[in-house]
Each structure stands twice: as C-alpha cells, then as structure tokens.
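Each chain, letter by letter, is given below.
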Amino acid sequence: MTTTRPAPASARPAGYVPGRWRKLALIGGTLFADNNESSVISTLAPVIFAALALPLSALGVLVAVGKCVTVVFGPFWAFVARRTNRKTTFVLTTAAAGLVTIATGFATGFVTLLLGYAVTAVFVAAALPLVSEITIDLFDAPLRGRASGYTWGAVSLLGSVAGPLLGRLSTIENGWRWGFFLWGAVMIVLALLVFAFFRDPGVGASEPTLVALTPEQRAADEKLTWAKIRQMLRIPTFVIMLIQRLVSGHLLIGSFGTVFLVSTYGFTTAVAAVVTLPFGIGYTVGTLGGGIVTDALHKAFPRRGRLTVLQFAQIAFGIVAIIATQVDWGGIGVFAIFWAMLGFLQGLNPGVNRPIVAAVVPPELRGAAFALMLSVFEAIAYAIFNLLAGYIGQAHGLVVVMLWLPGIVMLANGLFVSVLYWTYPKDADRIEQLLVTRARQAQAGGSVGA
C-alpha cells in the first residue's frame, strides 16, 4: 500500500505556506463565532423585544451602534496587531468578546442590552480585518478567491445550522439568554484553540516575489506610515471598492430577515428562523463554488473575470430581493427557496472583493485596507441601513424597506461597479510591477520599500 507524502520544501512553489488550510480553519472558526454573535439578536429579536418591551426600531439602533463601534475599533485592532502581535491580538479580543457576550445574556432592559452588544462589538471588530489579512498571507493570488470563499462558506454553513437551533430557543422561557451564553462559550473555546495551535505566517508570506526578502527588509515594508495610508487612498480601484461597500444593502437580509417574515407575513419566530438554513446553504454554495469559478475566470480573463462576478452578484441580488419580499408567497417553503438564492448571491462577494483589493494594494497595507473597507465603510453602511430599516419599518412597514434597501439600492450598486473595468487593470499591473521591483532590489542587496 502506497501513501501520498507532502512535497518536499524544495519542490514547493515560491510563496507556499505550510499548513495553510489548517491555519485558515483555525482563524475561520473564530470568525464564525464572532460573526454569528449578532445572529442571536437578529434571529431571536421578536422574543427578546417582547421580553424587554422594546419597539422594532430598537433592532436598528442595536445593530447600528455595534457597527459604529466597529468603525473605530476595526482599524484600531489592525493597528495594534501590526505594532504588537497578530496572534495575541486575535486570541485576546476573541476571548474578551466571548466573556462580554455571556454577560449580555443577563440584560434586563434596553440600556443593558445595548451596553453588552456595544462592548462585544469593540472586541469582535478585530476578527474581520485580521482574518482577511492573514488569509491573503496564507494563499497566493491563484487561490485567494477560493480560500476566502471556503472561509465564508464554512462560516455561513455553520451559521445556517445554528440559526434554526437558535430559533427553537424562542419556544423556551428566557431561551434567548441561553443563546448569548452558548455563543460566548463557543468564542472562548475557539480563542483557546487559536492560542494553542495557530502560527502566524507573517505579512506577505504568500507573495512569490517577496520570498527573497530578509526579515529586516520585510520589517521595513511592514512599517505603516501616514504617507503609505495616503498612498492607499490614492488607488482608484480601492476607493471605488470603499464606495461600493457604502451601497451594500444586501447585508440587511441577515439582520432584519427574520423580523420581516414575522411582522409582515405572520410567521412565528421559530418558523421564520427556518429560512436561515437555506440562506446559509445558498451562501456556502456561493462562496465555495463562486471562489472556484472566480479564480478560474481570473486565470482566463485576469483583467475582468472577478469584476464580472462582482457585478453579476450585485444586480442579481437586487432583482431576487425585490421578487422575494414584495409578494406574500404563502408557506415558508417558497420564502426558503428565495432566501437560498439570496444567500448564494451574497456568498459570491467574499471570494471576489478580497482578492480584488489584495491585487491593487501593497502587502504591508492590506491589513489597513481590509480594516478600512470592512470595519469602517461596510460598518457605516450597515449602521445607516439598519437605522433606516428600523425607523422606516416602524413608520411605513418593512415591505417598503426591503423594496428599497436590499432591492433598488443593490441594483444601483451593480451599475456603479462598472467603473472598475477601467481602473482595475492599471492598478493591478502597478502592484505587480512594484513587487517585482522589490524582489530585484532584494536580490541585488538594495533597499526596498513602497
């Protein structure tokens, strides 16, 4: 019987990071726990608000405050991680988020619920930029779409199973409190696993053109300065991606989807929560399959492959959201089919937008770039959309909210990203040339830098 052995180090391509899939699974696990902590609020909102006598607008306020906190602390933790240690920052923030999540389960009113949610957001804010940056450092360009897709696919699949289980807690007295207790415990366990088994690959570890750099040369490139931040904001493609995140109304489906079905079409919380399973499955298919297809399209059409997928995902989501929410389709089964389609289209995004940003931003700025895009601009958009959804929904109904925010706004988003067809090829070529120049300077014993 023969066994397959890993290729020797000398046979591996430049930029290969040993154990990269195992490392991705470890950090992806913490992202699942951190990301789905908000699912306790969104899934169990009807029973939480009934128990604490809160209006519909309270959901928008809660999510908005959490995202506003992320705007400040996402970049803050990215900065702390770069100045200290990414792994230590990751472990401590995840464990702290778990402890505060458990404490939130003891909330007695809106103020204590809001306080617990906001403080949790302080620590949860670290996960998204750090996971995004480390994923890029684990995988070279041909596999980045697939790696991001697998990460978010796994996160969504686990979340889709957890959603209906959380929904069942609505049938138990004070069951929503146990949702917070459970999620907090999961965060702490995963933080311990990262502490015990994760090894940081280092900034730029997957870039083949940077393999020749010495630790001192890499350290020079990793040092963040205001000049480099200004340089990042002068990259047209990156600025467009930031604006694109400001008009991403699709995130509202996750926070208001269950409440929408309960308040508009009369489902119970436990029944409405069923749609989180097909949504998660659709999202998983979108991230896994989308990552593979996107990488293949990028290989065949490097100047427009990923852009085509990104634009398709935005426009199609808007169309499906309008059809799914503006008609009473009767049983939960039909809604579940539409939610699966919405999940699939939303799932295409992580495997596309992260690699697009990575292709136009130098390695040492990617952590800051992801923090700015995901923790600031996306968080601002999420906060605004949820505030609007809460107050507009209370005044005019959630049907109007779903027509405009996940529907019409996403159609506009899809049209807007057409600008990338002009900016992306130039910006990607510029970064590729920069990395080649750095490698040549390193081999010649010269200085390196942006």
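Colleague: Looking at this model, I keep getting lost on the overall build of the protein chain. Mind explaining?
Modeller: Counting its secondary structure elements, the protein chain contains 19 helices and zero strands. Evaluated residue by residue, the protein chain yields a buried proportion of 58% over its 450 residues. At a minimum sequence separation of 6, the contacts of the protein chain that also span at least 24 residues come to 85%. As displayed, the protein chain has an accessible area near 18000 Å², and 71% of this comes from carbon and sulfur atoms.

Colleague: Sorry if this is basic, but what is going on with the packing of aromatic side chains here?
Modeller: Each pair of aromatic rings is reported with the distance of its centres and the angle of its planes. Across all of its chains, the model carries 13 aromatic pairs by this definition. Taking the centre distance of 5.5 Å and the plane angle of 90° together, the rings of Phe-260 and Tyr-265 count as edge-to-face. Classification of Phe-260 as buried rests on a relative accessible area of 0%. A residue is classified by how much of its surface remains accessible, and Tyr-265, at 18% relative accessible area, is buried. Ring centres of Phe-335 and Trp-339 lie 6.3 Å apart, and the angle between their planes is 70°; this geometry places the pair in the edge-to-face category. In this pair, Phe-335 and Trp-339 both sit in helix 15 (residues 332–347), four residues apart, roughly one turn of the helix.

Colleague: When you look at the pattern of salt bridges in this model, what are you seeing that I'm missing?
Modeller: Pairing between side chains becomes possible if they bear opposite charge and their charged atoms approach one another. This model, assessed by the stated rule, comprises seven salt bridges. Two residues, Asp-137 and Arg-86, come together in a salt bridge whose shortest N-O distance is 2.8 Å. One end of the pair, Asp-137, is in helix 5 (residues 127–138); the other, Arg-86, is in helix 3 (residues 86–104), and 51 residues separate them in sequence. Here the two residues Asp-137 and Arg-86 agree in accessibility, since each one is buried. Between Asp-429 and Arg-303 there is a salt bridge, with the nearest N and O atoms lying 2.8 Å from each other. With Asp-429 in helix 19 (residues 420–443) and Arg-303 in the loop between helix 13 (276–300) and helix 14 (305–325), this residue pair connects regions lying 126 residues apart in the sequence.

Colleague: How should a nonpolar patch on the surface be read in this particular structure?
Modeller: Among the surface-exposed residues, Leu-157, Val-161, Leu-165, Leu-277, Ile-281, Val-285, Phe-312 and Phe-344 lie close enough to one another that they form a single nonpolar patch of about 690 Å² accessible area. Put simply, the parts of the chain that give the nonpolar patch at least two residues each are helix 6 (141–168) and helix 13. Its place among the elements puts Ile-281 in helix 13.

What counts as what
- Residues numbered from 1 in each chain as written.
- Predicted model: local features only at pLDDT ≥ 70, side-chain atom pairs only at ≥ 80, totals over all residues.
- Heavy atoms only, no water.
- Helix = DSSP H or I, 4+ residues; strand = E, 2+ residues; numbered from the N terminus.
- Buried < 20%, exposed > 50% of the residue type's maximum accessible area, 1.4 Å probe, protein only.
- Contact = heavy atoms within 4.5 Å.
- Areas by Shrake-Rupley, 256 points an atom, 1.4 Å probe, with all protein chains shown as cover.
- Phe/Tyr/Trp six-rings, centres within 6.5 Å; stacked < 30°, edge-to-face > 60°.
- Salt bridge = Lys/Arg side-chain N within 4 Å of Asp/Glu carboxyl O.
- Patch = residues over 30% accessible without salt bridge, like charges linked within 9 Å, V, L, I, M, F, W, Y side chains within 5 Å.

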